[in-house]
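Observations on the model geometry
Each chain, written out:
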Amino acid sequence: MNSMLSVLGRVPLFQLYRRFGWPRLLPLNMTLSPSPRCNSRCLTCNIWKKREDELTLDEWEKVLRSLGKAPYWFTISGGEPFLYAGVVELALMVYEYNRPGIINIPTNSILPGIPEKVRRIAEGCPKSQVIINLSLDGIGEEHDRIRGVPGNFKKFERTLKALLELRDELPNLTVGIHSVISVFSVGHLDELLAYAEASGADQYITEVAETRVELDTLGLPITPDPETYRQAAERLIAYVEAHSYRGVARITEAFRVEYYKLAQRILTEQEQVIPCYAGWASAQIYADGTVWPCCVRADDLGNLRDHHYDFKEIWFGEKIREVRRSIAARECHCPLANASYTNMLHHIPTLTRVGAKVARRTTDDGR
């Protein structure tokens, strides 16, 4: 809780940074993509086709040293993160050099060695909350069809069972289920919600399928139309509000409701509904060392190999200024979940609604 309060204390500073360019701050939210390689063939993603000159672990170590203790939330993404041979070592380096509050790793659940790698990460990062979110886009053969791998659903259930058993041993491990709400999955959302309810997972989260440069999906018809997503969002909100949560979960679930409403507005209005802080409070480092403000635009802000592996040289350099101008001018819009949660954290009306809801639920539960 103290670390979360320290994050909130930096919110006014990031607001000043976005508006005036001062004080200069490193991001709160960092996504690392060590490899695009993936053993899924999803209908909503083509990243598996990519091959890159990937940073070595020695190179990642130099990058992480340059970031210091600024980022609070790290996501180690992919491709499939557990297909990257050095994923455990990378997570342990993140912990050693950056000490984040959260290390988040999504997975398609296919590889049999995932639970043991998660154990090593959680045991080696005792003061970080390690969140493992398992992808689920359908039940049974429907999941296999959307993910493009026969037998994936059985492997998902095997991995989920092993991770839930592991969670009982490791207090800093959170196990969640994650669904991409696409034109392929939105029609069976109720089945996904029912499965998540009975699964024993700590959380059920979703994000909207969207076209991204990173995923090589520009132009693909994968995003639900606004009215279809509005109906889905109403069911997701009802699911969250039908449950009672304790501690920090009360806050995170209140933000989740706000995200569903925000994503609905973005799809309907086709504009940046609240100010975006990608390029100020959130960033992504791609497999070859290129720094992006986000994975949707994937603007090339510079390659760390050309900047002595010093993230600050790129983040406080000249090239990023035009990208920040474009984002601040609302020349882009998207419902990217990772960035949206950071954006909501810096949006006072959203913070006010979340605070009021948490206070109200706390009072109601105390009666």
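Right, let's walk through the structure included here. In this text the structure is predicted, and so the values were computed from the model without any measurement.

Scoring rules and cut-offs
- Residues numbered from 1 in each chain as written.
- Predicted model: local features only at pLDDT ≥ 70, side-chain atom pairs only at ≥ 80, totals over all residues.
- Heavy atoms only, no water.
- Pairing = 2+ DSSP bridges.
- Helix = DSSP H or I, 4+ residues; strand = E, 2+ residues; numbered from the N terminus.
- Phe/Tyr/Trp six-rings, centres within 6.5 Å; stacked < 30°, edge-to-face > 60°.
- Buried < 20%, exposed > 50% of the residue type's maximum accessible area, 1.4 Å probe, protein only.
- Patch = residues over 30% accessible without salt bridge, like charges linked within 9 Å, V, L, I, M, F, W, Y side chains within 5 Å.
- Areas by Shrake-Rupley, 256 points an atom, 1.4 Å probe, with all protein chains shown as cover.
- Salt bridge = Lys/Arg side-chain N within 4 Å of Asp/Glu carboxyl O.

Read across the sheet, eight strands follow the order β6-β5-β4-β3-β2-β1-β7-β8 without closing on themselves; strand pairing throughout is mixed. The sheet is open, and its two borders are formed by β6 (203–208) and β8 (291–292), each paired with just one other strand. As paired elements, strand β1 (residues 29–32) and strand β2 (residues 73–76) share four bridges and run parallel to each other. When the bridges of β2 are listed, Thr31 appears paired with Thr75.

What follows deals with the packing of aromatic side chains. What the rule picks out here adds up to eight aromatic pairs. Ring centres of Phe153 and Tyr195 lie 5.8 Å apart, and the angle between their planes is 65 degrees; this geometry places the pair in the edge-to-face category. Pair noted here: Phe153 is in helix α6 (residues 152–167) and Tyr195 is in helix α7 (residues 189–199), with a separation of 42 residues, a long-range link. For the pair Phe153 and Tyr195, a shared accessibility class is recorded, and that class is buried. Pairing Phe156 with Tyr195 gives two aromatic rings, centres 6.1 Å apart and planes at 50 degrees, and the pair type is tilted. Separated by 39 residues along the polypeptide, Phe156 in helix α6 and Tyr195 in helix α7 bring together distant segments of the chain.

On the surface, Leu13, Leu16, Phe20 and Trp22 cluster together into a nonpolar patch covering about 450 Å² of accessible area. Locating Leu16 in the fold gives a position in helix α1 (residues 2–20).

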